[in-house]
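# Observations on chain architecture
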Amino acid sequence: MKKLTVLLLIMLCAMQVKATEQKFIRISTDATDLILQVAPNGRLYQSYYGSKLMNEVDIKNLPYYVHAGSDGSVTPRGWEVYAGSGAEDYFEPAIAITHNDGNPSTILRYVSSERKEITGGTETIILLRDDKYPVDVTLHYATYPKENIIKTWSEIKHQEKKPVTLWRYASTILYFNNANYFLTEFSSDWAREAQMSTQQLQFGKKILDTKLGSRAAMHVQPFFQLGLEQPAQEQQGNVLVGTIGWTGNFRFTFEIDNVGNLRVIPAINPYASTYELKPNEVFTTPEFIFTLSNQGTGKASRNLHTWARKYQINNGQGDRLTLLNNWENTYFDFNQELLGNLMKEAKHLGVDMFLLDDGWFGNKHPRNDDHAGLGDWEAMRSKLPGGIPALIQLSKEAGVKFGIWIEPEMVNPKSDLFEAHPEWAIRLPNRETYYYRNQLVLDMSNPKVQDYVFNVVDKIMTENPEMAYFKWDCNSPITNIYSPYLENKQGQLYIDHVRGVYNVFNRVKAKYPNLPIMLCSGGGARCDYEALKYFTEFWCSDNTDPIERIYIQWGFSQIFPSKAMCAHVTSWNKNTSVKFRTDIASMCKLGFDLGLKDLNADELTYCQDAVANWKRLKKVILDGEQYRLVSPYDCNHMSIMYVAPDKNKSVLFAYDIHPRFQEKLLPIKLQGLNPEQMYKVEEINLMPGVASTLDVNGKIFSGDYLMKVGLNAFTTTNANSRVIEITAQ
Ligand code: GLA
């Protein structure tokens, strides 16, 4: 008996030691620490989030941020990592559940944590549990030390006898304690994507959210920058850059509380989405991907770019295809012969592929405009008598690859599909139907619809294994919001729809892992890091006016690498030169969307040369480090450069937008070069017969000189561009 007591005592001591050891959970990258602490009340609080602490010994001194009550007593309200609802925290929670007995509270306590190695880093997994209700929440933190990226998501599960009602389900909460907070948001619209604006946050909430369902980011992009103390700046200052991987309704809540602390809550938008969670069903939140930079947004973007190419984007390390698209050139008006000629034009231009856009399908309901045909993915016999096989044959004869446009999640009421399956469309049973672009969104929560959408791709690929590329569009938000499939569970529609979309993306990627696919959504309304697990690139905007593109591409570059951003040369803004338009598109994944007949002989020669230059330099432009040197938001110019990882090659892009008369021009100071290395500076992408006017063209400078003194590459000419190749000697 005595022995047993001693044994029990030893075991108890051991457990206590273990409990103290686990009190702090350090989630680190090479540059940042996110330190969580289990407080004596058993709950998990954020103790620290900031630049990496040098001394491990300091960690035990970190507070766990509980608040003093007005009477001086300490309350458990604090920086709770996964704050519950219905208790002492009066601000926005991470989780809210109504249990079967009607109790709306959730309080989670720490149970255990573990770590495991993942590709590129480490994952910390923390289990929390409510001690009054059988609810488990598992927090995941994947850290990528070198790139200073953390991604976090949570899993919610319960074992009550019946489903519970879930009405808050954040990916996480991050807390900040600063004097001032400045939010940069990326508002959007069709042809006006990723417009940056900054505001200071004040007491209360600022919410960035969308309720569009599909084409969900049409009005706001799923990412933000948060300047701590001062507005986010390019080359200095502390800034949190965050983005949620969710191709549907998202919501970022920024809430400053009564004591001036800020909580940032990335989540699926709970709007109209109370979720009935069945016992043992796991509700997985989207990934929130974030980085804290103490060197401004430039460094944060470079970290995101490198991380995304390595670990997130489909085939992020692979090559990309240059292309000629026919949309802006022909719209719906083409036939087999014309396409054959365009393929020859693609070859003549020097691009890798011809991409056939909208208008190639539908027979009973031919897709000759946007009123009919969506859903009927059979080649239109009147336009294309030989179908897709003949087009592939023609592309082979021309010597280019062939890709095709689809929009498989949508249906026109004028289609065989709708006639056969009206119940597959999201549509209210008892109201007049509202059509956005004359179409409806298919109900992706329905597994039969998922099979159908998967089969659209699978059938084309099975019949045409040489199909080299898809442009996957999504032009409509969810309208007439009612799922015939979900019946009395309409609260699941927005969430299950997106999950259904992912099921299909998953199946496509599993069966065709090497198939490059462009993510498109009436321009750039679907640009997020979850979809990019399945897609190789995205269409930034239908707006290809080069002046507008300067801002749009600048905006998206804050989060995404140039490799994922498709930019095409078109006839938008013919007041600008073909050279200017091409030089703007050349800073991303280059394509063309015009007829060569629109070009004169010199312009054509110029384009051929620019394509060849881009292909020669694409390793630098797509895989190099990007430095945004001069912001179009600050002046009448813009400059950006890319540096190869070995620093032996760099490409500088310099654009003049609308310079003022006799404006003072500043030199562009380069970045990222080796200061001790000598580099030759050469202007490329010149019109035939036009000599460079760059004063130092052909000269050699040290990297130090180029970074401290810089290059006078700007001019006072409207819509002027320079592309400068910088080569180590
Ligand atoms: C969307 C896309 C365009 C084009 C059209 C076709 O608007 O963004 O690039 O593909 O659809 O209808």
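Right above here is the structure, for reference.
The present account deals with the structure reproduced in this document. (Residues numbered from 1 in each chain as written. Predicted model: local features only at pLDDT ≥ 70, side-chain atom pairs only at ≥ 80, totals over all residues. Heavy atoms only, no water.)

### Details of the sheet that holds strand S2 (residues 32-38)
Quick note on the threshold: Should DSSP find at least two bridges between two strands, the strands are taken to pair. Working definition: helices are DSSP H or I runs of at least four residues, strands are E runs of at least two. Numbering for both runs from the N terminus. Axis definition: a line fit to C-alpha positions, over the contact stretch in the case of helices; interaxial angles, taken between N-to-C directions, run 0 to 180 degrees.
An order of S1-S2-S3 is seen for the 3 strands of this open sheet, with the pairing classed as antiparallel. Both edges of this open sheet fall to strand S1 (24-28) and strand S3 (44-51), since each of them pairs with a single strand only. Between one strand and the next, the sheet's axes are offset by a mean angle of 20 degrees, whatever the strand orientation. Examined bridge by bridge, S1 and S2 share 5 bridges and lie antiparallel to one another.

### Notes on the site of the ligand
Applicable threshold: Proximity is defined per residue: if any heavy atom of the residue lies within 4 Å of a molecule or strand, that residue is considered near it. For this analysis, a polar contact is any N or O atom pair within 3.5 Å, provided that within protein one partner can donate a hydrogen and the other can accept it, and provided that sequence-adjacent residues contribute only side-chain to side-chain pairs. Accessibility throughout is a Shrake-Rupley quantity obtained with a 1.4 Å probe, and a residue counts as covered only by protein chains that appear here.
Neighbouring residues of the ligand: 13 residues in total, closest Asp-357, Asp-358, Lys-471, Gly-523 and Asp-542. Between the ligand and Asp-357, the relevant distance is 2.7 Å, taken from an oxygen atom to a side-chain nitrogen or oxygen of the residue. Contact distances for the ligand include 2.9 Å between an oxygen atom and a backbone N or O atom of Gly-523. Coverage of the ligand by the protein amounts to 96% of the 300 Å² it exposes when considered alone.

### Looking at the pairing of strand S16 (residues 223-228)
Along any regular strand, the residues point their side chains to alternate faces of the sheet. What counts here: Burial here depends on accessible area, computed with a 1.4 Å probe over protein chains only, as a share of the maximum for the residue type. Under 20% is buried, over 50% is exposed, and the range in between is partly exposed.
With 6 of 6 residues buried, S16 lies mostly within the body of the structure. Of the two faces of S16, the one lined by Phe-223, Gln-225 and Gly-227 and the one lined by Phe-224, Leu-226 and Leu-228 are each fully buried. By the bridge criterion, 4 bridges tie strand S13 (residues 181-187) to S16 in an arrangement that is antiparallel. Counted as the bridge partner of Thr-184 is Gln-225 from S16.

### Some details on the sheet that holds strand S28 (residues 469-472)
The criterion, for reference: The contact criterion used is simple: two residues touch if any of their non-hydrogen atoms lie within 4.5 Å.
Around the barrel, which closes on itself, the 8 strands sit in the order S23-S24-S25-S28-S29-S30-S31-S32 with parallel pairing between neighbours. Sheet twist, expressed as the mean angle between neighbouring strand axes with direction ignored, is 30 degrees. Of the strand pairs in this sheet, strand S25 (residues 401-406) and S28 are connected by 4 bridges, and their pairing is parallel. Opposite Trp-405, over in S28, you have Lys-471 as the bridge partner. Those strands touched by helix H7 (residues 447-463) are S25 and S28, and its axis lies near 155 degrees from that of S28.

### Let's talk about unusual backbone geometry
At Ala-194, a position not held by glycine, the phi torsion is positive, near 55 degrees. The backbone of Asn-685 sits at a positive phi, close to 55 degrees, despite the residue not being glycine. Within the secondary structure, Asn-685 sits in the loop between strand S36 (678-684) and strand S37 (700-702). With relative accessibility at 4%, the residue Asn-685 sits in the buried group.

### Some remarks on the environment of Gln-221
Tracing the backbone shows Gln-221 in the loop between strand S15 (204-209) and S16. Since its relative accessible area comes to 0%, Gln-221 is described here as buried. Distance in space between the C-alpha atoms of Gln-221 and Asn-280 is 33 Å, their sequence separation being 59 residues. Setting aside chain neighbours within four positions, we find Gln-221 in contact with Phe-186, Ser-188, Glu-193, Ala-194, Phe-250, Phe-252, Gly-524, Cys-527 and Phe-556. There is a polar contact of 3.1 Å between the side chain of Gln-221 and the side chain of Ser-188. A polar atom in the side chain of Gln-221 sits 2.9 Å from the backbone oxygen of Gly-524.

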